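Reading the structure
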Protein chains: 2
Amino acid sequence: MSKEFPGYRGKALQLLKKEKAEIGDIIHIKKDKEVYEGVLIPRSEYGDDKHIVIKLKSGYNIGVEITHATQIKKIGVGAKPAFTPPPLPKQKPDLPKVAIVSTGGTIASRVDYRTGGVRPALTASDLYSVVPELSEIATIDAKIIFSLFSENITPKHWTKTAKVTAKHIENGVAGVVVAHGTDTMGYTAAALSFALQNLPVPVIMVGSQRSADRPSSDAATNLIGAVRAAANAPFAEVAVAMHETVSDKTIIFHRGTKVRKCHTSRRDTFKSINTTPLARMKNGQIEMLIKNYRKRSSSQKLILKPNFNEKAALVKFYPGLNPNIIEWYVNEGYRGIILEGTGLGHVGKYCFSTIRNAIENNVIVAMTSQCIWGRLGMNVYDQGRDLLAIGVVPLEDMLPETALVKLMWVLGQTKDIAEAKSLLTTNVANEISPRTQAEETA
Amino acid sequence: MSKEFPGYRGKALQLLKKEKAEIGDIIHIKKDKEVYEGVLIPRSEYGDDKHIVIKLKSGYNIGVEITHATQIKKIGVGAKPAFTPPPLPKQKPDLPKVAIVSTGGTIASRVDYRTGGVRPALTASDLYSVVPELSEIATIDAKIIFSLFSENITPKHWTKTAKVTAKHIENGVAGVVVAHGTDTMGYTAAALSFALQNLPVPVIMVGSQRSADRPSSDAATNLIGAVRAAANAPFAEVAVAMHETVSDKTIIFHRGTKVRKCHTSRRDTFKSINTTPLARMKNGQIEMLIKNYRKRSSSQKLILKPNFNEKAALVKFYPGLNPNIIEWYVNEGYRGIILEGTGLGHVGKYCFSTIRNAIENNVIVAMTSQCIWGRLGMNVYDQGRDLLAIGVVPLEDMLPETALVKLMWVLGQTKDIAEAKSLLTTNVANEISPRTQAEETA
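Quantities reported herein were computed from a predicted structural model and do not represent experimental measurements.

1. Brief notes about the overall build of chain A
Helices and strands together make up the secondary structure of chain A, namely 12 helices and 23 strands. Across the 442 residues of chain A, 52% fall into the buried class. Sequence separation of 24 or more characterises 71% of the internal contacts of chain A that already satisfy a separation of 6 or more.

Quick look at the structure:
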């Protein structure tokens, strides 16, 4: 493997060296009758020696297999990374102060083709240079705390993010923006909702589905919306700010405990589940969409509860699930299990005995539904009633993902099992919606 | 515990006996200032001795706690089960023959308050008496093969259902209706889609969200729609027939591999994911919604492939997932694992080594997305490419649930791992949608 050509070996490496192509250069590949053009990018360290990977103009990456007939030509030289910040715009001391805490993800980065790494671009000057509009909205204090793809975020990172956010709030900012990869942003939003209580100001999580180097990027629009809300929104809650539709016209704010990533690639991937979103931004104006929300109030004192206990698991039920998986978690010392059951809150009867055994071993077992939408109704059918009688805790209309985060949080607050169960079913951060008329008649 | 009062013990039992109340009777309960009225129903065998459970007029069940102040009065006698079939309507031999195969679930039952059990109501005469319209649509041959809540259905039941359905088709029916609980109907629909190939006639799965004794029941409308489609629809595919909206006006037909239960209680709970539904029925007329579908043709010969191997598991990824769970499945002799990853097809880097170990042990590991909507794009980010290089099989836009069923089916067809992988990524029953223009630009 070569340092200059990360991930390339053997035949592929030889061809690239011969052509003096470097990572970042524009490459023309001819193979039989097919022709490909794009930017040479680094490969996975786990890759074979038979493919060259290029980024097409469309933004998609493809791997081209090398055969005898493959010809490579360098047709353009890679652009050097251009992050020279322009002179900072004049500070406007009367603007609200907003802190941006970056954990990584697409929004916080520009792909650096020279290293293949994701280059964090979140110093204040980088930001002002990439999104100059921000300097008209707020004075920004930007800090990188991690540079992680969000699938690598774990409960430990939730704790750290909550603590850093709390620090900023104690220092008197008008609001905090948390930049985060979209993959697990819903989980972290729930975590911050439980960890940051009695908020005086908004905490706005933001991500993007297309990196800033893509023509269709949603990064700037989302970031502007998030900073504007952090600076001025009337609510003081943890919210996720993303595109409402595929158009750039509105940004929607979802409550942190009720939001879920519902599409692999669309810009409007996040949806509020079992509730109306908190607010919408259009032409820079914020409109509240629900009446009962926590109001911004600088006189409130934040309560920080940042601890999570990782000994909680999510088990999704399906036909043929091996019920011994529950036993395994008990044996591994787990203290709680969220079941993602079917329909109104069911699992196969063949799981009852390991569930009962877990509960007898002081493991909390709670129910949610893989339907995603709707509320549990464990009293409707015999088997639901049986599960309640065994001691399974029904979690109303809570998202399975939010329920898992909450259980980790609850187990981080108390060792007393009765207290933990009581906290789990108490509405802490709007994770349980009130029952509506529409539900009864649908 | 008493035979006449299933689930009742101690204080609750005493009170009921004193009042000579029987299961099925209408009970008036007074407790301090609260008053409840409803039908006395049996309790879970796991219940305490402090509650009496009644079914309210609204159809909901509640448990009323007994205190010193609780008074019970019998105010009505329970109706005897009334399944006396009316004289059968005249047979109309020129009508199409439709087989109804019942596996259980809400649609196939009426709650019998005298036993608390679910009473299967699916002899042809029961059906004609409950839904007399059916006798105008088809001559029906109805058989009960199981009486199961669908959360108790396992891959073994898929096999049996496929075999019975095949038998009916070989006997020349115009179509088969499979009545099934809604909780896992999506899984069974996928299973039948793989097991019943080269279909000459439609196989229509049907369920209901409200039992037939509820005023708002969707059972009859759905059943009529399903029988009509089995008798006359132009398509020969496995489909799920349910309400399209909360109104009774249209029935929608979803392809068996692309359908998912998306609400705990709504009548329009089933949705086609990443595709347009197959067809819609309005005023008894069927309109096809997509062009490329398998046409009804009695000259086709069904190919039955009913075997499923249960040594396949679904693992949903989340922040803090214990990666040793994958090792556990390998040690238990599992031959395949479907990952329900995040976003475009990711899991935390901390899972890579157990995944690689599983693959090195000849376990198939394949990727789907918990987003539910959208397609994988494992070439977009480094970690996705790493997973591909390790040998994880990307499953395009396949539903995680369908992917699990398909993996069980694939492992039931071949022991050769290369052949299994190839079959897993081959489009067998429209489980993979073709890429669309809209996807690229969203």
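2. Regarding the relation of the copies chain A and chain B
The transform that puts chain A on chain B rotates by 180 degrees and translates by 0.0 Å along the axis, for an RMSD of 0.1 Å. On the angle and the small slide along the axis, the relation comes out as a two-fold axis. Scanning chain A for the C-alpha nearest the rotation axis identifies Lys316(A), at a separation of 3.5 Å. Taken together, the interface assignments show that 98% of the residues at the interface of chain A recur at the interface of chain B, consistent with an identical surface on both copies.

3. Quick notes on the pairing of strand E20 (residues 312–316) of chain B
All names here are of chain B. Among the five residues that make up E20, five are buried, leaving the element largely enclosed by the rest of the structure. Judged by which residues are buried, E20 turns out to be covered on both faces: Ala-312, Leu-314 and Lys-316 on one side and Ala-313 and Val-315 on the other are all buried. When E20 meets strand E21 (residues 336–341), the two strands line up parallel, connected through five bridges. Residue pairing in the sheet places Ala-312 in a bridge with Gly-336 of E21. One crossover worth recording links E20 to the parallel E21 by way of helix H6 (residues 324–331), and it is right-handed.

4. Brief notes about the nonpolar core
If you look at the biggest cluster of nonpolar residues, it comprises 224 residues, and the most contacted ones within it are Ala366(A) and Ala366(B). Here Ala366(A) is in contact with Ile338(A), Leu339(A), Val392(A), Val393(A), Leu395(A), Ala403(A), Leu407(A) and Leu424(A), once residues within four sequence places are set aside.

5. Structural notes on the interface of chain A and chain B
At the interface, 60 residues of chain A touch 59 residues of chain B. Elements with a contribution of two residues or more to the side of chain A that touches chain B: strand E4 (61–65), strand E20 (312–316), helix H9 (382–390) and helix H10 (400–413) of chain A. When its residues are assigned to classes, the side of chain A that touches chain B shows 25 nonpolar, 22 polar and 13 charged.

6. With respect to the confidence of the model for chain A
Close reading of the predicted structure is inappropriate where its pLDDT is low. On average, residues of chain A score 89 in pLDDT, and 88% of them are at 70 or above. For residues 112–118 of chain A, every residue scores under 50 in pLDDT, and the model assigns this stretch 19 contacts once sequence neighbours within four places are set aside.

7. Points about the environment of Leu148(A)
Residues and elements named next belong to chain A. Within the secondary structure layout, Leu-148 lies in the loop between strand E9 (139–144) and helix H4 (155–170). For Leu-148, a count of 21 C-beta atoms within 10 Å translates into the label buried. Separated by 194 residues in the primary sequence, Leu-148 and Thr-342 place their C-alpha atoms 33 Å from one another. Other than its neighbours up to four places away in sequence, Leu-148 contacts Thr-103, Gly-104 and Ile-153.

8. Some details on helix H9 (residues 400–413) of chain B
Here H9(B) is 14 residues long and its end C-alpha atoms lie 20 Å apart, about the 20 Å a rise of 1.5 Å per residue gives. Here H9(B) lies mainly inside the structure; 13 of its 14 residues are buried.

9. Structural notes on the sheet that holds strand E22 (residues 364–369) of chain B
Ordered in space as E20-E21-E22-E23 (chain B), the four strands form an open sheet in which the pairing is parallel. Edge positions in the open sheet fall to E20 and strand E23 (393–394) of chain B, since each of these has one partner strand only.

10. Focus: the packing of helix H7 (residues 324–331) of chain A against helix H8 (residues 352–360) of chain A
Each pair of packed helices gets described by two things: the angle between the helix axes and the distance between those axes. Residue and element names in this part refer to chain A. Running from N to C, H7 and H8 point in directions that differ by 15 degrees, and their axes come no closer than 8 Å. Taken together, the axes of H7 and H8 are roughly parallel relative to one another. For the pair H7 and H8, the sense of crossing is left-handed. Contact residues: H7 offers Asn-324, Ile-326, Glu-327 and Val-330, while H8 offers Thr-354, Ile-355, Asn-357 and Ala-358.

11. Here we look at the pairing of strand E10 (residues 175–179) of chain A
Residue and element names in this part refer to chain A. Along E10, five of the five residues are buried, which leaves the element largely enclosed by surrounding structure. Along E10, one buried face is formed by Gly-175, Val-177 and Ala-179 and the opposite face, lined by Val-176 and Val-178, is buried too. Here five bridges tie strand E6 (residues 97–102) to E10, and the two strands are oriented parallel to one another. Note that in E10 the partner of Ala-99 across the bridge is Val-176. Where E10 meets strand E12 (residues 203–206), four bridges bridge the pair, whose relative direction is parallel. Counterpart to Val-177 in the pairing with E12 is Ile-204.

12. Concerning the sheet that holds strand E21 (residues 336–341) of chain A
One open sheet holds the four strands; their spatial order is E20-E21-E22-E23 (chain A), and the pairing between them is parallel. Both edges of this open sheet fall to E20 and strand E23 (393–394) of chain A, since each of them pairs with a single strand only.

13. A word on H4(A)
Since there are 3.6 residues in each turn of an α-helix, residues three or four apart along the chain are aligned in direction. The end-to-end C-alpha distance of H4(A), which contains 16 residues, comes to 23 Å, matching closely the 22 Å that a straight helix rising 1.5 Å per residue would cover. Within H4(A), burial applies to Pro155(A), His157(A), Trp158(A), Thr161(A), Ala162(A), Thr165(A), Ala166(A), His168(A) and Ile169(A).

14. Quick look at the environment of Ala142(B)
All names here are of chain B. Relative to the elements of secondary structure, Ala-142 occurs in strand E9 (residues 139–144). Among the residues examined, Ala-142 registers 22 C-beta atoms within 10 Å and is labelled buried. Along the chain, Ala-142 and Arg-280 lie 138 residues apart, while their C-alpha atoms are 25 Å from each other.

15. Here we look at unusual backbone geometry
The phi angle of most residues is negative, glycine excepted, and most peptide bonds adopt the trans form. Residue and element names in this part refer to chain B. Of note, the phi angle at Asn-198 is positive, near 55 degrees, even though the residue is not glycine. By the element assignment, Asn-198 lies in the loop between strand E11 (196–197) and strand E12 (203–206). Of note in this structure, Asn-362 is not a glycine but carries a positive phi near 65 degrees. For Asn-362, the position within the fold is in the loop between helix H7 (352–360) and E22.

16. Regarding the environment of Asp48(B)
Residues and elements named next belong to chain B. Here Asp-48 shows up in the loop between strand E2 (34–40) and strand E3 (51–55). Overall, the presence of 16 C-beta atoms within 10 Å leaves Asp-48 in the partly exposed class. Measuring from C-alpha to C-alpha, the distance between Asp-48 and Glu-19 comes to 20 Å, with 29 residues separating the pair along the chain.

Calculation notes
Each chain has its residues counted from 1, running along the sequence as written. For this description, chains carry letters from A and ligands carry numbers from 1, given in the order in which they are written. The predicted origin of the model limits local features to residues at a pLDDT of at least 70 and limits the giving and counting of side-chain atom pairs to 80 or more, whereas totals for whole chains, interfaces and linings rest on all residues. In DSSP terms, a helix is any run of H or I states spanning at least four residues, a strand is any run of E spanning at least two, and both are numbered starting from the N terminus. Remark: C-beta atoms are placed from the backbone, and a residue is labelled buried if 20 or more other C-beta atoms sit within 10 Å of its own, exposed if 12 or fewer do, or partly exposed between those counts. What counts as a contact here is a pair of residues whose C-beta atoms, placed from the backbone, lie within 7 Å. Only residues with pLDDT of at least 70 in both copies count here: their C-alpha atoms drive the least-squares fit that superposes the copies. The pairing criterion for strands is at least two bridges between them, as found by DSSP. Seen with its strands pointing away from the viewer, a crossover is right-handed if its path from the first strand over the helix to the second goes clockwise. Think of a nonpolar core as buried Ala, Val, Leu, Ile, Met, Phe, Trp, Tyr and Cys residues chained together by C-beta atoms that fall within 7 Å. Side-chain classes are defined by residue name, with Ala, Val, Leu, Ile, Met, Phe, Trp, Tyr, Cys and Pro counting as nonpolar, Asp, Glu, Lys and Arg as charged, and the others, Gly among them, as polar. As a per-residue measure, pLDDT tells how confident the predictor is, with possible values from 0 to 100. How far a helix is expected to stretch is found by multiplying one less than its residue total by 1.5 Å. A fitted line through C-alpha atoms represents every axis, and for helices the fit uses only the stretch in contact; the resulting angles, taken between N-to-C directions, go from 0 to 180 degrees. Angle categories: roughly parallel below 35 degrees, roughly antiparallel above 145, roughly perpendicular from 65 to 115, and oblique for all the rest. Throughout, a crossing is termed right-handed when the near helix is turned clockwise from the far one, and left-handed when it is turned anticlockwise from it by less than a right angle.

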